[in-house]
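A closer look at the structure
The primary structure of each chain is shown beneath.
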Amino acid sequence: MRAIFEAVQKSCADDMKTTCGGATGREGMMCLRQNRDKLKAPCREALEKMPRPPGGGQGGPPRG
């Protein structure tokens, strides 16, 4: 898991700066996922390998 996260950080460093205003940590990951269509191919590919958090990736269970 750590290796996947490090690969995302490396592949998405430029996208994190340009698309996400330099956000880091959880906020940065959420920004990348929300802006997937704007990311460069290496970053998108790295994100594909990253497991999704439970609850749809929004920090909790789905709301109904």
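Right above here is the structure, for reference.
Please read all numbers here as calculations on a predicted model, not as lab measurements.

Looking now at the state of the cysteines. This model, assessed by the stated rule, comprises two disulfides. The disulfide bridge from Cys20 ends at Cys31, spanning 2.0 Å between sulfur atoms. The sign of the S-S torsion, about -95°, decides the handedness of the disulfide formed by Cys20 and Cys31: left-handed. Taken as a pair, Cys20 in helix H2 (residues 13-20) and Cys31 in helix H3 (residues 25-34) lie far apart in primary sequence, eleven residues in all. Overall, Cys20 belongs to the buried group, its relative accessible area being 11%. Given a relative accessible area of 13%, Cys31 falls into the buried group. Look at the chain and number its bonded cysteines as they come in the sequence; the links are 1-4, 2-3.

What follows deals with helix H4 (residues 41-49). Residues three or four positions apart in an α-helix share a direction because the helix packs 3.6 residues into each turn. Buried within H4 we find Cys43, Ala46 and Leu47. Along H4, the residues classed as buried sweep out an arc of 100° about the axis, all on the same side. For H4, the exposed residues set more than 90 degrees away from the buried face come down to Glu45, Glu48 and Lys49. As for H4, its buried residues are in contact with helix H1 (2-11), H2 and H3.

What counts as what
Residues numbered from 1 in each chain as written. Predicted model: local features only at pLDDT ≥ 70, side-chain atom pairs only at ≥ 80, totals over all residues. Heavy atoms only, no water. Disulfide = S-S within 2.5 Å. Helix = DSSP H or I, 4+ residues; strand = E, 2+ residues; numbered from the N terminus. Buried < 20%, exposed > 50% of the residue type's maximum accessible area, 1.4 Å probe, protein only. Arc of directions from axis to C-beta. Contact = heavy atoms within 4.5 Å.

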